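Listed below, chain by chain, are the residues.
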Amino acid sequence: MLRLRDVRKVYEGKARVVALDGVTLDIGAGEMIAVMGPSGSGKSTLLNLMGGLDVPTSGALLVAGEDLATKGEEARSLFRRTHVSYVFQAYHLMPTLTAAQNVELPLHLAGRPAAEARERAAKTLSEVGLAARTTHLPDELSGGERQRVAIARALVTGAPLLLADEPTGNLDTARGEEILALLKSIHAGRGTTIVMVTHDAHAAAACERVVTFRDGRVVEDRRG
Ligand SMILES: Nc1ncnc2c1ncn2[C@@H]1O[C@H](COP(=O)(O)OP(=O)(O)OP(=O)(O)O)[C@@H](O)[C@H]1O
Ligand SMILES: [Mg+2]
């Protein structure tokens, strides 16, 4: 599913930062892996490249058979809409849209008919246990519920790759556990490939494989 060869990402700003310093990594279809490492070690940068949000400075990057390193902005944006879904620590829901409307949004953007979008959103919200909250606005939901809406929004398009950047980072232990269990059941039930950045060793232990970064390099790759 993902194939990285000697991937480097250098940010040329006020100060030059080597965020990824030669990363070689293969992730198979249907794997669920945790990415760990200290702050600034390049984890979010890695996810942004995998999701086609940014391109590497050098190296090869294949995701679902597509060469993302050489694709232009427009081609990557199309790739994102069809292949990848993102879940963030801070949920990133649209505040003026209900839970159902937030989940429908990617389907509208993909040009699906409104009736189909409504039906699929309702089904996906019930899959994440939120059938009773579809008309709530994000600020009428708890943190754990907001993250469930974000996960439903990520799932609704049926994308084969789910990238999660600290999905339990804003939640207490019990709520974090629930989100983790939900991601695991999605992985088991749908066969979605999941790459999850986490600072939590307990969350990482829930994954089949843990890749640890330091200073933009893979320093450990452990299968449990
Ligand atoms: N857009 C950018 N421009 C310049 N430097 C950046 C940019 N984004 C990230 N960096 C730098 O690249 C390095 C890696 O950042 P990244 O966000 O990937 O770290 P991280 O491992 O996700 O950290 P955290 O655990 O704190 O989220 C950091 O030193 C950061 O300051
Ligand atoms: Mg980060």
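Up top is the structure.
Right, let's walk through the structure included here. (Residues numbered from 1 in each chain as written. Chains lettered and ligands numbered in written order. Predicted model: local features only at pLDDT ≥ 70, side-chain atom pairs only at ≥ 80, totals over all residues. Heavy atoms only, no water.)

## With respect to the overall build of the protein
The helix and strand tally for the protein stands at seven helices and ten strands. Taken over the C-alpha trace, the protein has a radius of gyration of 17 Å; the compact-globule value for 224 residues is 17 Å, and the two agree within 12%. In terms of overall dimensions, the protein has a C-alpha envelope of 45 × 40 × 35 Å along the principal axes. The buried share of the protein, reckoned over its 224 residues, is 46%. Sequence-distant contacts, at least 24 apart, represent 67% of the contacts inside the protein between residues at least 6 apart. As displayed, the protein has an accessible area near 10,400 Å², and 50% of this comes from carbon and sulfur atoms. Considering the protein, the positive charge centre built from 27 side chains and the negative charge centre built from 27 side chains are found 2 Å apart. (Helix = DSSP H or I, 4+ residues; strand = E, 2+ residues; numbered from the N terminus. Rg over C-alpha atoms; globule rule 2.2 N^0.38 Å. Buried < 20%, exposed > 50% of the residue type's maximum accessible area, 1.4 Å probe, protein only. Contact = heavy atoms within 4.5 Å. Areas by Shrake-Rupley, 256 points an atom, 1.4 Å probe, with all protein chains shown as cover. Lys, Arg positive; Asp, Glu negative; His and termini not counted. Charge placed at Lys NZ, Arg CZ, Asp CG, Glu CD.)

## Observations regarding the site of ligand 1
Around ligand 1, a shell composed of 13 residues is seen, among which S39, G40, K43, S44 and T45 lie nearest. Between S44 and ligand 1, the recorded distance is 2.9 Å, taken from a side-chain N or O atom to an oxygen atom. Only β2 (16-27) and α1 (43-50) provide two or more residues apiece to the shell around ligand 1. Here the shell around ligand 1 takes three residues from α1, the largest share from any one element. (Near = heavy atom within 4 Å. Polar contact = N/O pair within 3.5 Å; in protein donor to acceptor, adjacent residues only side chain to side chain.)

## Describing the nonpolar core
Judged by nonpolar contacts, the single largest core of 38 residues is most densely connected at L125, V128, V149, I151, L162, L183 and M196. Those elements giving two or more residues to this core turn out to be β3 (32-36), α3 (99-109), α4 (114-127), α5 (143-155), β7 (161-165), α6 (173-190), β8 (193-197) and α7 (201-205). Here the element with the most residues in this core is α5; it accounts for six residues. Formed by 25 residues, the second largest nonpolar core is a distinct cluster that contains V7, L20, F79 and L163. (Core = buried A, V, L, I, M, F, W, Y, C linked by side-chain atoms within 4.5 Å.)

## Re the packing of α3 against α5
Viewed as axis vectors pointing N to C, α3 and α5 meet at an angle of 25°, and their least axial separation amounts to 8 Å. Between α3 and α5, the angle is such that the two are roughly parallel. With respect to the hand of their crossing, α3 and α5 are arranged in right-handed fashion. Contacts between α3 and α5 involve A99, N102, V103 and P106 on the former and, on the latter, V149, A152 and R153. Grouping the amino acids of the contact of α3 with α5 by side-chain chemistry returns five nonpolar, one polar and one charged. (Axes fitted to C-alpha atoms, helices over the stretch in contact; angles between N-to-C directions. Parallel < 35°, antiparallel > 145°, perpendicular 65-115°, else oblique. Left-handed = near helix turned anticlockwise from the far one by under 90°. Nonpolar A, V, L, I, M, F, W, Y, C, P; charged D, E, K, R; others polar.)

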